[in-house]
Amino acid sequence: MTTSFVAAAHLPQTGRDRSAEIAEAEGRAALALLKGLGNGDWSLPTDCGEWDVRTLVSHLVGQCEDNIRLRTMLRRQLVGPRRYPDKITLDAHMAVQIDDHASEAGPALVEQFALLWPRAVRARRRRPGPMRRVTVDSGIPEVPRMSIAYLLDVIYVRDLWMHRIDLARATEQPVALEEHDRHIVEQVVRDLALAWSDAPVHLELSGPAGGNWLLGSGEPAGVVSADAVAYMRVLSGRDGEAALELASGAQEALAAVRRARVVF
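Cut-offs and rules
- Residues numbered from 1 in each chain as written.
- Predicted model: local features only at pLDDT ≥ 70, side-chain atom pairs only at ≥ 80, totals over all residues.
- Heavy atoms only, no water.
- Helix = DSSP H or I, 4+ residues; strand = E, 2+ residues; numbered from the N terminus.
- Rg over C-alpha atoms; globule rule 2.2 N^0.38 Å.
- Areas by Shrake-Rupley, 256 points an atom, 1.4 Å probe, with all protein chains shown as cover.
- Lys, Arg positive; Asp, Glu negative; His and termini not counted.
- Charge placed at Lys NZ, Arg CZ, Asp CG, Glu CD.
- Core = buried A, V, L, I, M, F, W, Y, C linked by side-chain atoms within 4.5 Å.
- Buried < 20%, exposed > 50% of the residue type's maximum accessible area, 1.4 Å probe, protein only.
- Contact = heavy atoms within 4.5 Å.
- Pairing = 2+ DSSP bridges.
- Axes fitted to C-alpha atoms, helices over the stretch in contact; angles between N-to-C directions.
- Parallel < 35°, antiparallel > 145°, perpendicular 65-115°, else oblique.
- Left-handed = near helix turned anticlockwise from the far one by under 90°.
- Nonpolar A, V, L, I, M, F, W, Y, C, P; charged D, E, K, R; others polar.
- Salt bridge = Lys/Arg side-chain N within 4 Å of Asp/Glu carboxyl O.
- Polar contact = N/O pair within 3.5 Å; in protein donor to acceptor, adjacent residues only side chain to side chain.

**Remarks on the overall build of the protein chain**
Now for step 1: A tally of helices and strands in the protein chain yields ten helices and seven strands.
Now for step 2: Expected size for 264 residues packed as a compact globule is a radius of gyration near 18 Å; at 19 Å, the protein chain falls within 12% of this value.
Now for step 3: Total accessible area on the protein chain is roughly 12600 Å²; 52% of this is exposed by carbon and sulfur atoms.
Now for step 4: Of the side-chain charges in the protein chain, 31 are positive and 35 negative, and the distance between the mean point of each set is 9 Å.

**Considerations on the nonpolar core**
Now for step 1: Formed by 67 residues in total, the largest nonpolar core has its most connected members in Phe113, Val189, Leu192, Leu205, Tyr231, Met232 and Leu235.
Now for step 2: Looking at which element gives the most residues to this core, the answer is helix H7 (residues 148-171), with eight residues.
Now for step 3: If sequence neighbours within four positions are ignored, Val189 has contacts with Ala8, Leu203, Leu205, Trp213, Leu215 and Met232.
Now for step 4: Judged by nonpolar contacts, the second largest core, of eight residues, contains Ile148, Tyr150, Leu151 and Val154.

**Some thoughts on the sheet that holds strand S6 (residues 222-227)**
Now for step 1: The mixed open sheet is built from five strands, whose spatial order is S1-S5-S4-S6-S7. The open sheet has two edge strands with one neighbour each: strand S1 (6-7) and strand S7 (244-249).
Now for step 2: For strand S4 (residues 201-206) and strand S5 (residues 211-215), the ladder comprises five bridges, and the chain directions are antiparallel. Residue Leu203 lies in a different strand from S5, and its bridge partner there is Trp213.
Now for step 3: Relative to the sheet, helix H9 (residues 228-235) contacts S4, S6 and S7, its axis offset from that of S6 by approximately 100°.
Now for step 4: Against the sheet, helix H10 (residues 251-259) makes contact with S4, S6 and S7, and its axis sits at roughly 145° relative to S7, the strand it touches most.

**Quick word on the packing of helix H1 (residues 16-35) against helix H8 (residues 179-194)**
Now for step 1: For the pair H1 and H8, the least separation of the axes is 9 Å and the interaxial angle reads 120°. One way to sum up the angle between H1 and H8 is to call them oblique. Here H1 runs over H8; the crossing is left-handed. From H1, Arg18, Ile22, Ala25, Glu26 and Ala29 reach across to H8, where they touch Glu179, His180, Asp181, His183 and Ile184.
Now for step 2: A class-by-class count of the residues in the contact of H1 with H8 yields four nonpolar, two polar and four charged.

**A few points about the pattern of salt bridges**
Now for step 1: Scanning all chains against the criterion turns up 19 salt bridges.
Now for step 2: A salt bridge links Asp47 to Arg233; the nearest nitrogen and oxygen atoms lie 2.9 Å apart. One end of the pair, Asp47, is in the loop between H1 and helix H2 (53-68); the other, Arg233, is in helix H9, and 186 residues separate them in sequence.
Now for step 3: For Asp47, a relative accessible area of 34% corresponds to the partly exposed category.
Now for step 4: You can call Arg233 buried: its relative accessible area is 5%.
Now for step 5: When salt bridges with common partners are traced through the structure, they connect Glu65, Asp66, Arg75, Arg76 and Asp100 into a single cluster.

**Section: the side chain of His183**
Now for step 1: In this structure, His183 sits in helix H8.
Now for step 2: In this structure the side chain of His183 is engaged in a polar contact, spanning 2.8 Å, whose partner is the side chain of Thr14.
Now for step 3: Look past the residues within four positions of His183 in its chain and what remains in contact with it is Thr14, Arg18 and Ile22.

In structure tokens, the structure reads:
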């Protein structure tokens, strides 16, 4: 049987209504995991550098607050570079998020997330069209400006999804994957394809969140296979050693897929 590969660059960007549906589903999945955290989990290290589990959850709460109140986001944008001049803009902003919740215990942060995430989803959906068309600095060196619509509809949900994976790995909880997970992965692959400059490659991602996509246009150099979640970790820079297999074709295809990066 011949496998059908979808041209990933032709996939549409998630719109505001669909994004709200995906975000609601991801919020439920994240909250289910957060409610399963025990007393011994909060100080466990995560794949996010200096962040332990409690710190990571405080970041998630801070993201919700930024979504709901623009003045909170702007304050952190201004304070971050002054307080943390050695960090890039995005990291300085997130450090202020964490500072704002430094004294709060893990269970209290989970309660806040449960209240704030649905409000954050509604707030993002309500942002007016003219505002959504504005482009902003990503805060990451060498990453181009992005539209506020892309930030609201794609990146915030992707951020929560990847941090759910981080928390599951840190606390050895299983990752429950549903239909919405595949959509999030699909949008990551779309971004990968839009920035693709190497020879065409067939990308075959397995698991409930997986699918089959063409990166680039023309005759593919090979088929690269991987577990969908594992490859998302590679694209985010978390795991360069994840198992990627060259199903067929040239070794250059595997190298190109491994060195690619996407904003998370």
